[in-house]
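Coordinate inspection notes
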Amino acid sequence: MLRYATKRLLIAVPMLLMASFVMFLMVSFSGDPLSRIRSQDPPPPPEALESLEKQLGLDKPVLERYVIWLFGLFRGDFGQSIMNIDIGAELGNRVTVSFRLIFLAIIIAAVVAVIVGVVGALRQYGFVDNVVSTVVFVLLAVPVFWLGVLLKHWAVSFNETVGSTVFYTIGDGSRQNATGLALIGFLVLPTIVLTVNVFASWSRYVRASMVEVMNADYMKLARAKGLSRGQAVWKHGLRNALLPFVTIVALDFSALVGGAVVTESVFQWRGMGDFLLTGIRNLDVNVVMAWLLIFAAATILMNLIADLVYGLLDPRIRHS
Amino acid sequence: MSADIVTAPDMREPSSGAGRHPLLQVRDLVVTFATPTNTVNAVRGISFDVARGEVVGIVGESGSGKSVTATAIMGLHGETARIKGSIRLDGDELVGASDKALGKVRGKRIAMIFQDPMTSLNPVMTVGNQVKEAVLIHRSMSGAEAQAESIRLLELVGIPNAAERAASYPHEFSGGMRQRVVIAIAMANDPDLIIADEPTTALDVTVQAQVLDALEVARKHTNAALILVTHDLGVVAGRADRVMVMYGGRAVETGDVDDLFYRSRMPYTRGLLASIPRLDNRLLPLIPIKGSPPSPASLDGSHCPFAARCEFVTELCTSSEPPLIDVPGAGHRAACHYASDYARVPERNPDLVEAPPRVPGTALAPSDGEPVLSVQHLTKNYSVRSKNKKRTVHAVADVSFDIAPGETLGLVGESGCGKSSVSRSVVRLQDMTGGRVTLNGDDLAAVSGRRLRVMRRRIQMVFQDPYSSLDPRMSVEDILAEPLRLSKYPQADRAARIAELLSAVGLSPTMVTRYPHEFSGGQRQRLGIARALATDPEVLVLDEPVSALDVSVQAGVINLLRNLIRDRQLGALFIAHDLSVVAHISDRIAVMYLGRIVEIGDSEDVFTNPVHPYTKALISAVPLPDPILERTRESIQLHGEVPSPLDPPSGCPFRTRCAIFEQSLTEEQRTRCRGEVPALIPHESRQAAACHFPDLYPVPQPAATRAD
Amino acid sequence: MTVTDPSLSLVEAAVPVQGRSRMPAFLRRYLRNRVSVAALIVFLLILVFAFVGPMVWKYSFDVFTDDNSQPPSLDHPFGTDSSGYDTLAQVMRGTQRSVQIALFVALTATIIGAVVGALAGYYGKLVDAVIMRIVDLVLVFPSVAVAAVLAYMSMGTETSWITIAIVLSLLAWPIVARVVRSTALTLAGTEYVQAARGAGATDLSIIVRHLIPNSMGTITVAVTVLTATAILSETSLSYLGFGVQPPDTSLGLLIANAQAAIITRPWIFYFPGFFIILIALTSSFIGDGLRRALDPRQSAGAGS
């Protein structure tokens, strides 16, 4: 087990390095950060452009720039932003806001997906299963942003009917320093939006996994011992069916982050999504790099944790 | 359906106080599977009794409905199946009972053992906990008591170091051990009836013997009756008191085991008995039954299910389905319109089959002329990561043999002996670590690239699984044309060649446009053989070519192979784990154990006078389809398991289980066994065996027969 | 070959099962799935709507009429927006653009992914390890983010739909590669592949003649799944402003423009959304139907 863990860890680090290198190349080659400044009318004097270039380090070759950036990272310096902000600090604030949303969504989606998936598998092709399967199918086809706008619209009319602001449709609550119930009011809608999308695909996975387990021989043996269907599922089926689900949660993490970016945009949160989009619009290379790095690292970390948890729970891996 | 009731013969030992009525009474059981497209009657009306303490064997091939019957008794037939009829356990009706009521019966009064030990146990739960659970479901006791009880059960079935091993997980056990755990679970609550559905089909033959003995121990301890479902007539002959033969979803013959084997009145049973190869009489010709077992969907009760394959079929057979009628013998019944007329159903005529002459040979070298295939010092190692270290598996260690044209060398051994590695290395589907393989003098291992591709045409392989050996997307024509195309066979002549190949394997040339899924298993194997012959090879390597086929279909393919090998003077390497099949088809035999050949020689010599203790044990473990012989045979108990190939014993690999080593040697002799790998030495100028002290085999104690 | 050889007498006709070749059987099973067939028809209708519609419809998507903010009527079945653009024309054009991109992505990513996955699965070992590391690497990044970066940073507001399609394809192929790889791994172990190798076939010949045809099922399903995924990705991207740029339009862009007006002019919000859902839904149903038709277990009856 220890070996399994160290092996995974040792893969993760070069992975991250490779990832950072690739995205650095990608970002560097995808465009000139100063193009907008260059295309201004009247164009700025060449010396000003040159000094800007030097400031941003654009006069050096790509590899050198990468190394400089990398070493800067070790010092905690994410580089110079066009917007003249401290990338590290800003990112820190934004990420806290966003991770609240993401992890809440993961937990709720996982729990609901497991319940729905298991029930669907146990009552396969029954009325409830068919209805739920159809609903899930439709939910998978609904775009996150469209659903968000729809919910916003509904929340506004709800608020008007009730007479007070229960569901907040704009902002993430940090500016108001919201806590407790008010904070929940900010979180509810975006969480629903993000959860709905991901829960749909997870519930299908859980259902398929559970169906497969139900047909396994050891389930038949469990029943042959005298266990009722429910007991057999609880004691033998669940663990085997849900074990692979752990890795699915990790694999979908980057998709979840993408969904969060869109959700934040709909609800106008000042989260990491907004940070990225602003950075892209401003062609702010270092901001984009920092963002990609953080989330690549988070994804790799999630995969690592999932692998470790899987290894702990599955005795076949634990003992080899 | 008529009420075909089979009553049990006189009770052997009436249990204390229990009345004369049987333990289990099944009447008119019908099991139907409903799929969105059609309904299939897997079991079409079956009735039988099981008395207390008796062993009933249910024999059948695929589509016979035997497994469905077994699971239906427990009510575990699944959501898509419907049962009709009556199943009474000691008077209590099980059909239609609530799941809760059945829950009290399952595991307590009836227990079940399934086929595949790999998947029967929950992989994430310890073995001890799974046995403990079985105990705690029906009995109330403290956790510690249940723990002690589970250890006791594991010891009873023969798991060594039971207390320690109870904390292990299923994947840490071998197949035989896992099956014993399943048996321990089955006997946990002293059931009245144990149902074993193909309990040993997935196991090696020596492990099979151990598991069947463990089952017997369980039965003696619990006084349970046993329903043994299997396709293996040898197993039934040795273990059952009464037998029921199923075909096409119904019982076609029932009776006492002796009546069934020696005085059968049903053409199917007799056909089956005449078509299976026997270890004790390898020269007996196999008389195949044409066609294959019917699929349940095609049977509607309007004709005898066996009519399409029966040699004695008449108008009556195709127009009405025969009921079970009484024939001589206690409780002996057969479902044939002509069952009572003995003269009408004579013995099958062996003259119909022309048996090709045997090619006699001496120990290591083939009889006449140059060998067509020569394997010298073949070695195959591969590395594996186990327990955090890189280890080497010596799959094949120094194997050498020659094969002459027209001769078949059988390679036998159990799991992990390396025979599959040998076959793959010889055909170069995997690379060998060392050694030489020559085809008529040309070194196969020394070529590569284009020259290898050309040489490959001369040695072809026939594979095991008829369902994955043919590309499902290619028509028969495409499948056979591929090797022709690759060997640059002239385009214009290909069609004729394909027709010729199909005829050679007994298929009609009009089938070229069909796809594999339209053929039965036996026909698919014939297609595989046709494909192997397409490039006109000099050597055929056959890797378990009939293992996946139904018993009644195997004979036809075996005979075909024998004729082809003889007619085309091919050298054939026949690999199988089924000793009876190998015995029948091979001229010479090599027995492998842990990567080495331990005995090699003429088939007749090896089977009638085996020299190596492993060969003796192997032969003794194969069940014969002959009840009297089975009861009176001496059985050599091979204890323990095959050592892991990762860590083979030093010196002679067999010494850890060898009767000679244990009983007949001095300490000095034992040191030799521990230190020196025995070489293959000819024994009395017959076969060669790899044993230092073959003449010191202990004289068997007279009591060990199964009748006791 | 002796004349009396009994195996000759065992010559018999093959059991005719469900037609002669593989294809019709699979098609027949597919056609039995009415929901999937209905979805296929709807999808084809959408294609007609998107590609033939603009040529036939009287209004063009980029020319504004005099009717501002009109609810749906006979003249403007989907209504008009505040500038007078006919919503039906816009939805047609938006659907065209979005479907174009989605299909491009689905086909391109599937082709690349299938080839890469087949190579990884067939050769195994080092080739497989390297390819899977690359796959993992691409999948580490949130695709929306990377797509936005690449599409926007490369061409800013000049981005053409091809750029977006290519970017999305580059992010989607690993998903297909993973699935095809596992199929290829299974197929590479089958005995008929070994038989082909034993007969002297080259690796390329095996991949082309055996692996790919037997993976067609997986690949076809992948195309449909990817269509659904791609349309959702592209519309999200366009909604954020990093996808299709004006004056061109996409369903995502239409929704972005409509979000403020959801109360006053709901029709410009609901119709585009409805079409996105419809396209994604029908692709999924088609894919599901295909998958079921290909699964041989569907037609199997009871065991022995």
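About the thresholds
- Residues numbered from 1 in each chain as written.
- Chains lettered and ligands numbered in written order.
- Predicted model: local features only at pLDDT ≥ 70, side-chain atom pairs only at ≥ 80, totals over all residues.
- Helix = DSSP H or I, 4+ residues; strand = E, 2+ residues; numbered from the N terminus.
- Buried ≥ 20, exposed ≤ 12 C-beta atoms within 10 Å, placed from the backbone.
- Contact = placed C-beta atoms within 7 Å.
- Rg over C-alpha atoms; globule rule 2.2 N^0.38 Å.
- Pairing = 2+ DSSP bridges.
- Axes fitted to C-alpha atoms, helices over the stretch in contact; angles between N-to-C directions.
- Nonpolar A, V, L, I, M, F, W, Y, C, P; charged D, E, K, R; others polar.
- Parallel < 35°, antiparallel > 145°, perpendicular 65-115°, else oblique.
- Left-handed = near helix turned anticlockwise from the far one by under 90°.
- Core = buried A, V, L, I, M, F, W, Y, C linked by C-beta atoms within 7 Å.
- pLDDT = per-residue confidence, 0-100.
- Expected span 1.5 Å × (residues − 1).
- Bend = angle between axes of the 7 residues up to and from the residue.

Let's talk about the overall build of chain A
Looking only at helices and strands, one finds 14 helices and zero strands in chain A. Secondary structure elements of chain A occur, N-terminal to C-terminal, as α-α-α-α-α-α-α-α-α-α-α-α-α-α. When the 320 residues of chain A are sorted by exposure, 38% land in the buried category. For chain A, long-range pairs separated by at least 24 residues make up 72% of all intrachain contacts whose partners lie at least 6 apart in sequence.

Notes on the overall build of chain B
Regarding its fold elements, chain B presents 24 helices and 24 strands. The C-alpha atoms of chain B give 26 Å as radius of gyration, which agrees with the globular expectation for 708 residues (27 Å, within 12%). Taking the principal axes of its C-alpha atoms as reference, chain B extends roughly 75 × 70 × 45 Å. With 708 residues in all, chain B has 56% of them scored as buried. Within chain B, contacts between residues at least 6 apart in sequence are counted, and of these 71% link residues at least 24 apart.

What about the pairing of strand β1 (residues 24-34) of chain B?
Residue and element names in this part refer to chain B. The pairing of β1 with strand β4 (residues 81-89) spans eight bridges and is classified as antiparallel. When the bridges of β4 are listed, V30 appears paired with K84. Two elements, β1 and strand β2 (residues 39-50), share nine bridges in a ladder whose sense is antiparallel. When the bridges of β2 are listed, A34 appears paired with T39. Linkage of β1 to β2, two consecutive antiparallel strands, is achieved through a turn of four residues.

Observations concerning the sheet that holds strand β5 (residues 92-93) of chain B
Remark on secondary structure: sheet strands pair via backbone hydrogen bonds, oriented parallel or antiparallel. All names here are of chain B. With antiparallel pairing, four strands are arranged side by side in an open sheet as β2-β1-β4-β5. The sheet is open, and its two edges are formed by β2 and β5, each paired on a single side. Running at roughly 70° to β2, helix α1 (residues 66-74) makes contact with β1, β2 and β4 of the sheet.

What about the interface of chain C and chain A?
On the chain A side, the residues contacting the 32 residues of chain C number 34 residues. Going through the elements one at a time, α6 (125-140), α7 (143-155), α10 (203-240) and α12 (267-294) of chain C are the ones with two or more residues in the side of chain C that touches chain A. Counting residues per element, the side of chain C that touches chain A draws most heavily on α7(C), at nine residues. Grouping the amino acids of the side of chain C that touches chain A by side-chain chemistry returns 25 nonpolar, seven polar and no charged.

Side note on the sheet that holds strand β11 (residues 325-326) of chain B
Residue and element names in this part refer to chain B. In spatial order, the strands read β6-β7-β8-β3-β9-β10-β12-β11; together these eight strands make up an open sheet with mixed pairing. Strands at the two margins of the open sheet, each flanked by one partner only, are β6 (110-113) and β11. Across the face of the sheet, helix α7 (residues 175-187) comes into contact with β6 and β7 (193-197) while running at roughly 175° to β6.

With respect to the environment of S650(B)
Residues and elements named next belong to chain B. You can see S650 is positioned in the loop between α22 (627-632) and α23 (659-663). Given 12 C-beta atoms within a 10 Å radius, S650 is considered exposed. Apart from residues no more than four positions distant in its own chain, S650 is found in contact with R674 and G675.

What to know about the packing of α7(B) against helix α8 (residues 205-222) of chain B
Residue and element names in this part refer to chain B. Contact geometry of α7 with α8 gives a least axis separation of 10 Å together with a crossing angle of 15°. Considering the angle they form, α7 stands roughly parallel to α8. The way α7 lies across α8 gives a crossing that is right-handed. Counted together, G175, G176, Q179, R180, I183, A186 and M187 of α7 and V207, Q210, V211, A214, L215, A218, H221 and T222 of α8 form the full contact between these two elements.

Some thoughts on the nonpolar core
One finds I227(B), L573(B) and A148(C) to be the most contacted residues of the largest nonpolar core, which totals 387 residues. Of all the elements, helix α5 (residues 87-123) of chain C adds the most residues to this core, at 16 residues. Excluding its chain neighbours within four sequence positions, the residues that come into contact with L573(B) are L373(B), I403(B), L409(B), L411(B), S423(B), V426(B), V541(B) and L542(B).

Notes on the pairing of strand β18 (residues 459-462) of chain B
Residue and element names in this part refer to chain B. Every second residue of β18 is oriented toward a common face, with I459 and M461 on one face and Q460 and V462 on the other, all of them buried. Pairing of β18 with strand β19 (residues 539-543), which is carried by four bridges, proceeds in the parallel orientation. Each bridged residue has a counterpart across the sheet, and for V462 the counterpart in β19 is L542.

A word on helix α21 (residues 613-621) of chain B
Along an α-helix, a turn takes 3.6 residues, which lines up residues three or four apart on a common side. Residues and elements named next belong to chain B. Among the nine residues that make up α21, seven are buried, leaving the element largely enclosed by the rest of the structure. Among the residues of α21, those classed as buried are P613, Y614, T615, A617, L618, I619 and A621. Elements in contact with the buried residues of α21: α8, α19 (579-585), β21 (588-593), β22 (596-602), α20 (603-608) and α23.

Overview of unusual backbone geometry
For the bond from P246(C) to P247(C), the omega torsion is 10°, close enough to zero to count as cis. Mapping P247(C) onto the fold places it in the loop between α10 and α11 (251-258). In the Ramachandran plot, D190(B) falls in the positive-phi region, its phi being about 50° despite a non-glycine side chain. Relative to the elements of secondary structure, D190(B) occurs in the loop between α7 and β7. With a phi close to 60°, R428(B) is a non-glycine residue in the positive phi region. With respect to the helices and strands, the residue R428(B) is situated in the loop between α13 (419-426) and β16 (434-439). C-beta crowding within 10 Å serves as the criterion here: with 19 such atoms nearby, R428(B) is assigned to the partly exposed category.

What to know about the packing of α5(C) against helix α8 (residues 161-188) of chain C
All names here are of chain C. For the pair α5 and α8, the least separation of the axes is 5 Å and the interaxial angle reads 35°. Where α5 crosses over α8, the two elements pack in a sense that is right-handed. When the residues that make up the contact of α5 with α8 are grouped by side-chain class, the tally is 25 nonpolar, nine polar and three charged.

So, the environment of M74(B)
Tracing the backbone shows M74(B) in helix α1. As a C-alpha pair, M74(B) and I87(B) span 13 residues in sequence and 9.6 Å in three-dimensional space. Residue contacts for M74(B): discarding those within four places in its chain leaves A224(A), R106(B), I110(B), M112(B) and I195(B).

With respect to the environment of S552(B)
All names here are of chain B. Tracing the backbone through its elements, the reader meets S552 in helix α18 (residues 551-567). Between the C-alpha atom of S552 and that of S292, which follows or precedes it by 260 residues, the distance is 7.3 Å. When near neighbours in sequence (up to four residues on either side) are disregarded, S552 contacts E61, G271, L272, S275, I289 and P293.

Some thoughts on the confidence of the model for chain B
Residue and element names in this part refer to chain B. Summarising the model, chain B shows a mean pLDDT of 86, and 92% of its residues fall at 70 or more. Note that pLDDT drops below 50 for residues 354-366; the model gives that stretch 34 contacts with residues more than four away or on any other chain. Contacts from residues 703-708, a stretch scored under 50 in pLDDT, to residues over four places away or in other chains number 13 contacts.

Focus: α10(C)
Between its first and last C-alpha, α10(C) extends only 46 Å over 38 residues, short of the 56 Å set by a 1.5 Å rise per residue. Maximum bend of α10(C): about 50°, positioned at M216(C).

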